[in-house]
Amino acid sequence: MPAPFILLQHALPQHALSRFAGAFASSEQPWLRDRLIRRFVATYDVDMADAARGIGQFASFNDFFTRELKPGVRPLADPAEFILSPADGAISQLGSITDGRIFQAKGRDFTAEEILGHGAEEAQRFEGGQFITIYLSPRDYHRVHMPAAGILRSSAYIPGQLFSVNTMTAAGVNRLFARNERLACLFNGPDGGFASIMVGAMIVAGIDTVWPHRFAGHGRDVVHEDFSGDVRHFSAGDEMGRFYLGSTVVLLFEPNRVAWLDGLKAGDPLRMGQAIGRRLAPVQ
């Protein structure tokens, strides 16, 4: 039988709740903004030591939640040798993409095609490749960075539900990451193609990117964007986007491009920029 928390999520008006929370989170009223931030920091034991600004210096709760870090506090592993963690968080799962399917939790999975939203041909490129799912808790830094150098090819904003993305929900909701609202971005890198998928969650007020885009959070229609005529180069470690509350990042790599580092497993904490995989022989 599903846990009460999961049953509650099915019953809640997920998008209305997120829009309501988003209105509070974007408020610049000092009495509300500072109260929300201080309560959040205390409740989730947020470590502000690495933040570039202190409490009282943010325009809104959203500004606090997407806070930048002090320069140098997330040193990057050598991108010539390693794949980098795109975010602070914890590994939910990692492994191989087999028969088009990606492991979510015991007895649950989803397909590369449905999470990507780019069609069967694009999904097939990742058959036999590698995936990693990284959960960002409320206390984490919520900007998302590049795991490797790449050129942005296309993106797909896919509307969906807004279940929580924590471990309990991943174990209890079928196809969780392929059901939630998400933005799937495809890149061409020096070692082949890869995807970075930003998955929204309960109370998420929005997903944003560092490049101009046409999608809006909590939309009703799929929005595909082709960037072949607007070439955007990114280096490993560059910021690519951010979450306004709750989130997960899923990375997909084509086969024979990446080997996850020995010993990495579900539950391991990560810091943005640390090595999570080793690059295999580049494409000639």
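That block above? That's the structure.
Residues numbered from 1 in each chain as written. Predicted model: local features only at pLDDT ≥ 70, side-chain atom pairs only at ≥ 80, totals over all residues. Heavy atoms only, no water.

Enquirer: Mind showing me how you'd approach the nonpolar core here?
Expert: For soluble globular proteins, the rule of thumb is that nonpolar side chains tend to be buried together. Formed by 31 residues in total, the largest nonpolar core has its most connected members in Phe187, Trp211 and Met240. Each residue touching Met240, except ones within four places of it in the same chain, is listed here: Val144, His145, Met146, Cys185, Phe187, Ser196, Met198, Asp208, Thr209, Val210 and Trp211. In terms of nonpolar packing, the next biggest core, distinct from the first, is built from 24 residues, Ala112, Val165, Leu186 and Ala201 among them. (Core = buried A, V, L, I, M, F, W, Y, C linked by side-chain atoms within 4.5 Å. Buried < 20%, exposed > 50% of the residue type's maximum accessible area, 1.4 Å probe, protein only. Contact = heavy atoms within 4.5 Å.)

Enquirer: How should I be thinking about the sheet that holds strand 15 (residues 258-260) in this particular structure?
Expert: Pairing is antiparallel in the open sheet, where 3 strands are placed in the order 1-17-15. Where the open sheet ends on each side, the last strands, each with one partner, are strand 1 (82-84) and strand 15. Taking the axes of each pair of neighbouring strands and ignoring which way they run, one obtains an average angle of 40° across the sheet. Sheet analysis places strand 1 next to strand 17 (residues 275-279), joined by 3 bridges and oriented antiparallel. Bridge pairing links Ile83 to Gly277 in strand 17. (Pairing = 2+ DSSP bridges. Helix = DSSP H or I, 4+ residues; strand = E, 2+ residues; numbered from the N terminus. Axes fitted to C-alpha atoms, helices over the stretch in contact; angles between N-to-C directions.)

Enquirer: Mind showing me how you'd approach the packing of aromatic side chains here?
Expert: The description of an aromatic ring pair rests on the distance of the ring centres and on the angle between the ring planes. Within the structure shown, the criterion is met by 15 aromatic pairs. Arranged with centres 4.7 Å apart and planes meeting at 45°, the rings of Phe40 and Tyr44 form a pair that is tilted. Note that Phe40 and Tyr44 are positioned in helix 3 (residues 30-44) at a spacing of 4 residues, about one turn of the helix. The class for Phe40 is buried, based on a relative accessible area of 11%. Look at Tyr44 and you get partly exposed, because its relative accessible area is 37%. (Phe/Tyr/Trp six-rings, centres within 6.5 Å; stacked < 30°, edge-to-face > 60°.)

Enquirer: I would appreciate a short explanation of the pattern of salt bridges in the present structure.
Expert: Two side chains carrying opposite charge are able to pair once their charged atoms lie near each other. A complete count under the given rule lists 19 salt bridges for this structure. Where Arg53 meets Glu68, a salt bridge forms, and the shortest distance between an N and an O atom there is 2.9 Å. With Arg53 in the loop between helix 3 and helix 4 (61-65) and Glu68 in the loop between helix 4 and strand 1, this residue pair connects regions lying 15 residues apart in the sequence. Glu68 gets classed as partly exposed once you look at its relative accessible area, which sits at 25%. Of the charged contacts in the structure, one is a salt bridge between Arg101 and Asp109, with a shortest N-O distance of 3.0 Å. What emerges from the salt-bridge pattern is a single network uniting Arg53, Asp63, Glu68, Arg143, Glu239 and Arg242. (Salt bridge = Lys/Arg side-chain N within 4 Å of Asp/Glu carboxyl O.)

Enquirer: I keep staring at the sheet that holds strand 6 (residues 143-145) and nothing clicks. Help me out?
Expert: To summarise the sheet geometry, strands pair through backbone hydrogen bonds and adopt either a parallel or an antiparallel arrangement. The strand order 6-13-10 describes an open sheet built from 3 strands, whose pairing is antiparallel. Strands at the two margins of the open sheet, each flanked by one partner only, are strand 6 and strand 10 (206-209). In this sheet, neighbouring strand axes are inclined to one another by 20° on average, regardless of whether the strands run parallel or antiparallel.

Remember that the coordinates give geometry; whether it matters functionally is a separate question.
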